[in-house]
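Examination of the molecular architecture
Listed below are the residues making up each chain.
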Amino acid sequence: MRNFLFILLKEVRSYINSSVAFVVVTIFSVLTGYYFYNIFASFSTISFQAQTDPTMATQYGALNVTEFVIRPFFGIISVVMLIMLPMLTMRSFSEEKKTGTMELLLTFPVRDGEAIMGKFGGCMAIFFLMLTLSFPSILLVELFGDPEWGVIITGYFGLILMGGGFIALGIFMSSITENQIVAAVLSFAALLILYMLNFTAGAAGETMSAVLNYLSFTYHYRNFAKGVIDTSDVIYYLLFTLFFIFLSMRSLESKRWRG
Amino acid sequence: MIEVEHLTKTYGEARGINDISFQVEKGEILGFLGPNGAGKTTTMRILTCFMPATSGTARVAGYDVFEDSLNVRRRIGYLPETVPLYTDMLVPVYLRYVAGLKELPYREIKGKVAKIMEQVGLTHKADKFIGELSKGYRQRVGLAQALINDPDVLILDEPTIGLDPKQIIEIRSLIRGLGKDRTIILSSHILPEVSMICGRVAIIDEGRIKAIDTPESLTEKLRVANKVKAVIEGVAEDVKAALGRIAGVNNILVENGDGVDRAKYTVEFAEGINGPPLVARTAIEGKWDLHELTPMRMSLEDIFIQIVTEEKDIV
């Protein structure tokens, strides 16, 4: 536990000192903020038109700020996460391997699990900072509208679970190569495939589409975006995270016995 | 403290080290000497649990490096050859991080870091990032991290490389001081350094230990040539003739031997004869001034070259 905290703190400090955190968090905020502005502004225009023109109102059905703004906002956050989190995780073990600091880390009395969880925690901390910076947008909606807080809470909860999965996968990819670019590309590709998996589900057969849906990230996020916490979704994300943390441990451990 | 038995490490086809066995007791400093690629670093990496051996066992402080790696790692301080450090961390922050990972009690960390920084001469670099430091200072940071938990066993891969002469002397005496109640293995390519610091020397070549003994007895064992160097002032022919009359002299070499000026004589004696007193007596009897008299033993350098180039085993 102690070592875990020491490594976590060191990771956060490294992210901040090397300005990686600054760049990733800023770009995340700019991208999500820009999208939020667009969608919130168009919602406000449509609401205004609907007020003056009753035929418009029937065309859009009941205008709901949660469905029209909050839900797509969470959707775009998950897409930006998909791009930015591999940038955060790519250095975690690759850099240590490249610069040789891995040699010292592995000869310190640190368990492999502590090292991995420390790195994981460090990335999660920066990820929390990213999510926190998206929260003022939500407050803006609260200021001018009446969003459903249940959906906001489950939405963030789902994003944290999903982010944990992204980060665990990224750390595993980083643990198998000493090249940061290879680590980033591998995790980006893997995440993208898992993200898009259910896009083709409609065209696949019944059994296949169920499998594709179940494996995909997006499919499991649906319920969170609706304000529903389904245990099967929670378990999917947790298992995903644990699976890649387990693989990272094996990958690190193999260094001790592989000839 | 350190017991190594039949340690072998192969990298695919290539052999890293081949059937190495040795022991180091508590309070002993063992020096590894060998050409590049001889297997010094590989041996150290196995002892520090960084990589596994292909076969054979190694025990540090009673714990097997493979079976009980965590307990071994608690008791060692390791300075790798390349001194890998986090360049984006401040010096004291890095040392506190290492102290934390090495399980120092939280309350002691700050004091210990300050103490160790003073010990290796880093106090005035406390506000610098490691990336801003020169090679010598990075080396000191590397040493500081190895020493921070007062380990029973210190494994130092070329500890004085890149330091200035004054610092080298300081670090050497620091290591000698530490060696009194600890076990230290160090490697170096500076031969006088090894003979100065280490109680025992292991000469490693092509993955095998070619010789392991104290520097003195290595010198003793290999004293093939029994020579005395003398600078004597006198007529060169007379001196040479007088020296030639000593029983047991095989050969005399004269340098600068023109006229009455000083000349350097290298007198080679037969084995088992103690040359210097005989040369001194000859000089006095001839009423010549004796300026210098040096028995020529083989330096560690000569031994090293001999073992490595002639593939002579003296284990």
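Every chain is numbered independently, its residues counted from 1 as its sequence is written. Key to labels: chains lettered from A, ligands numbered from 1, both in the order written. Restriction of local features to residues with pLDDT of at least 70 applies here, the model being predicted, together with a cutoff of 80 or more for giving and counting side-chain atom pairs; totals for whole chains, interfaces and linings are based on all residues. Derived side-chain values reflect all non-hydrogen atoms in the structure, with water molecules and hydrogen atoms excluded from consideration.

1. Some points on the overall build of chain A
Secondary structure is summarised from DSSP: a helix means a run of H or I of at least four residues, a strand means a run of E of at least two, and numbering begins at the N terminus for each. The number of helices and strands found in chain A is 12 helices and zero strands. Across chain A, helices and strands are ordered from the amino to the carboxyl terminus as α-α-α-α-α-α-α-α-α-α-α-α. Residue burial in chain A is summarised as follows: out of 259 residues, 51% are buried. For chain A, the proportion of contacts with a sequence separation of at least 24, taken over those separated by at least 6, is 76%. Each accessible area is a Shrake-Rupley estimate made with a 1.4 Å probe; only the visible protein chains count as cover when residues are assessed. Accessible area for chain A stands at about 11,800 Å²; split by element, carbon and sulfur atoms hold 71% of it. Only protein chains enter the calculation, and the probe is 1.4 Å; a residue is then buried if its accessible area is under 20% of its type maximum, exposed if over 50%, and partly exposed in between. Here, residues are in contact when the closest pair of their heavy atoms is within 4.5 Å.

2. Examining the domain arrangement of chain B
Examined at the domain level, chain B breaks down into domain 1 (2–221) and domain 2 (227–296). Centre-to-centre separation of domain 1 of chain B and domain 2 of chain B, based on C-alpha positions: 46 Å. Note that the domain bounds were set by an automatic or database domain assignment.

3. A word on unusual backbone geometry
Of note in this structure, Ser 19 of chain A is not a glycine but carries a positive phi near 65°. As for its position among the elements, Ser 19 of chain A is in the loop between α1 (2–17) and α2 (20–52). In this structure Ser 19 of chain A comes out as partly exposed when scored by relative accessible area, which is 36%. At Glu 206 of chain B, a position not held by glycine, the phi torsion is positive, near 50°. With respect to the helices and strands, Glu 206 of chain B occurs in the loop between β9 (200–205) and β10 (208–213). Glu 206 of chain B sits in the exposed class, given a relative accessible area of 55%.

4. Some words on the packing of aromatic side chains
Side-chain rings of Phe, Tyr and Trp, where Trp is taken by its six-membered ring, are said to pair if the distance between their centres is within 6.5 Å; with planes under 30 degrees apart they count as stacked, over 60 as edge-to-face, and otherwise as tilted. In this structure the tally under the stated criterion is 25 aromatic pairs over all chains. Note on Phe 6 of chain A and Tyr 106 of chain B: the rings are 6.3 Å apart at their centroids and 40° apart in plane angle, and the pair reads as tilted. With Phe 6 of chain A in helix α1 and Tyr 106 of chain B in helix α4 (residues 106–119), this residue pair bridges two chains. Given the relative accessible area of 64%, Tyr 106 of chain B is considered exposed. Centroid distance Tyr 221 of chain A to Phe 224 of chain A: 6.1 Å. Interplanar angle 35°. Geometry classified as tilted. Taken together, the residues Tyr 221 of chain A and Phe 224 of chain A, both in helix α11 (residues 217–226) and three residues apart, mark about one turn of the helix. Since its relative accessible area comes to 6%, Tyr 221 of chain A is described here as buried. Aromatic ring contacts, followed pair by pair, group Phe 157, Phe 166, Phe 172, Tyr 214, Phe 217, Tyr 221, Phe 224, Tyr 236, Tyr 237, Phe 240, Phe 243 and Phe 244 of chain A into a single cluster. Lying across the ring of Tyr 86 of chain B, Lys 10 of chain A places its NZ or CZ 3.8 Å from the centre. The criterion is that NZ of a Lys, or CZ of an Arg, lies within 6 Å of the ring centre and within 35 degrees of the ring normal, and then a charge sits over that ring. Residue placement shows Arg 91 of chain A over the ring face of Tyr 15 of chain A; its charged tip is 4.5 Å from the ring centre.

5. A short note on the confidence of the model for chain A
Any residue range with low pLDDT should be treated as having predicted coordinates unsuitable for detailed reading. In this model, chain A carries a mean pLDDT of 90, and residues with pLDDT of at least 70 account for 97%. A residue's pLDDT is the confidence the predictor assigns to it, expressed on a 0 to 100 scale. The secondary-structure element of chain A with the lowest mean pLDDT is helix α3 (residues 54–60) of chain A, recorded at 69, while helix α8 (residues 149–176) of chain A shows the highest, at 95.

6. Looking at the pairing of strand β7 (residues 153–157) of chain B
Residue and element names in this part refer to chain B. The buried count for β7 comes to five of five residues, which makes it a mostly enclosed element. Strand direction decides the pairing type here: strand β6 (residues 76–79) and β7, joined by four bridges, are parallel. If you follow Ile 76 over to β7, its bridge partner there is Val 153. Pairs of strands are assigned from DSSP output, requiring at least two bridges between the strands. The sheet contact formed by β7 and strand β8 (residues 183–187) spans five bridges and is parallel. If you follow Asp 157 over to β8, its bridge partner there is Ser 187.

7. Things to note about the sheet that holds strand β2 (residues 14–24) of chain B
All names here are of chain B. As summarised here, the arrangement of the four strands in space is β2-β1-β4-β5, forming an open sheet in which the pairing is antiparallel. Looking at which strands have only one partner, the edges of the open sheet turn out to be β2 and β5 (63–64). Judged from the seven bridges that link them, strand β1 (residues 2–11) and β2 form a sheet pairing that is antiparallel. The residue bridging Glu 3 from the neighbouring strand is Gln 23, located in β2.

8. As for the nonpolar core
Residues belong to one nonpolar core when they are buried, are Ala, Val, Leu, Ile, Met, Phe, Trp, Tyr or Cys, and are joined through side-chain atoms within 4.5 Å. Ranked by internal contacts, the top residues of the largest apolar core, which has 84 residues, are Phe 22, Tyr 94 and Leu 95 of chain B. Excluding residues within four positions of it along the chain, Tyr 94 of chain B makes contact with Leu 104 of chain A together with Pro 84, Leu 85, Tyr 86, Met 89, Ile 130, Val 141 and Gln 145 of chain B. Grouped together as the second largest cluster of nonpolar side chains are 69 residues, Val 24, Ile 171, Val 234 and Phe 240 of chain A included.

9. Some points on the sheet that holds β10 of chain B
Residue and element names in this part refer to chain B. Across the sheet, six strands lie side by side as β6-β7-β8-β3-β9-β10; this open sheet has mixed pairing. Looking along the sheet, the strands with just one partner apiece sit at the ends: β6 and β10. Here the strands of the sheet are splayed against their neighbours by 15° on average, with no regard to which way each runs. Here five bridges tie β9 to β10, and the two strands are oriented antiparallel to one another. If you follow Ile 204 over to β10, its bridge partner there is Ile 209. Across the sheet, helix α5 (residues 135–147) touches β6 and β7, and the angle it forms with β6 is around 165°. Every axis corresponds to a line fitted to the C-alpha atoms, with the helix fit spanning only the stretch in contact, and the corresponding angles, defined between N-to-C directions, vary from 0 to 180 degrees.

10. Some words on the interface of chain A and chain B
In this complex, chain A contributes 28 residues to the contact, which on the side of chain B involves 35 residues. Between chain A and chain B lies a buried interface of about 2,800 Å² when both sides are counted; carbon and sulfur atoms form 62% of it. For salt bridges, the criterion is a side-chain nitrogen of Lys or Arg within 4 Å of an Asp or Glu carboxyl oxygen. One can count one salt bridge joining chain A with chain B. In this structure, the salt-bridge partner of Glu 103 of chain A is Arg 45 of chain B, at a minimum N-O distance of 2.9 Å. Any pair of N or O atoms that falls within 3.5 Å is considered a polar contact. Within protein, one atom must be able to donate a hydrogen and the other to accept it, and sequence-neighbouring residues count only if both atoms are side-chain atoms. Applying the counting criterion to the chain A and chain B interface returns nine residue pairs in polar contact (both at pLDDT 80 or more). Of all the elements in the fold, those that place two or more residues in the side of chain A that touches chain B are α1, α5 (91–99), α6 (101–107) and α12 (231–257) of chain A. Sort the elements by how many residues they give to the side of chain A that touches chain B and α1 of chain A lands first, with eight residues. Only Asp, Glu, Lys and Arg are considered charged in this grouping, and only Ala, Val, Leu, Ile, Met, Phe, Trp, Tyr, Cys and Pro are considered nonpolar; every other residue, Gly among them, is considered polar. Residues of the side of chain A that touches chain B, tallied by class, amount to 10 nonpolar, nine polar and nine charged. In short, buried area is how much 1.4 Å probe accessible area vanishes from two parts on joining, totalled over both.

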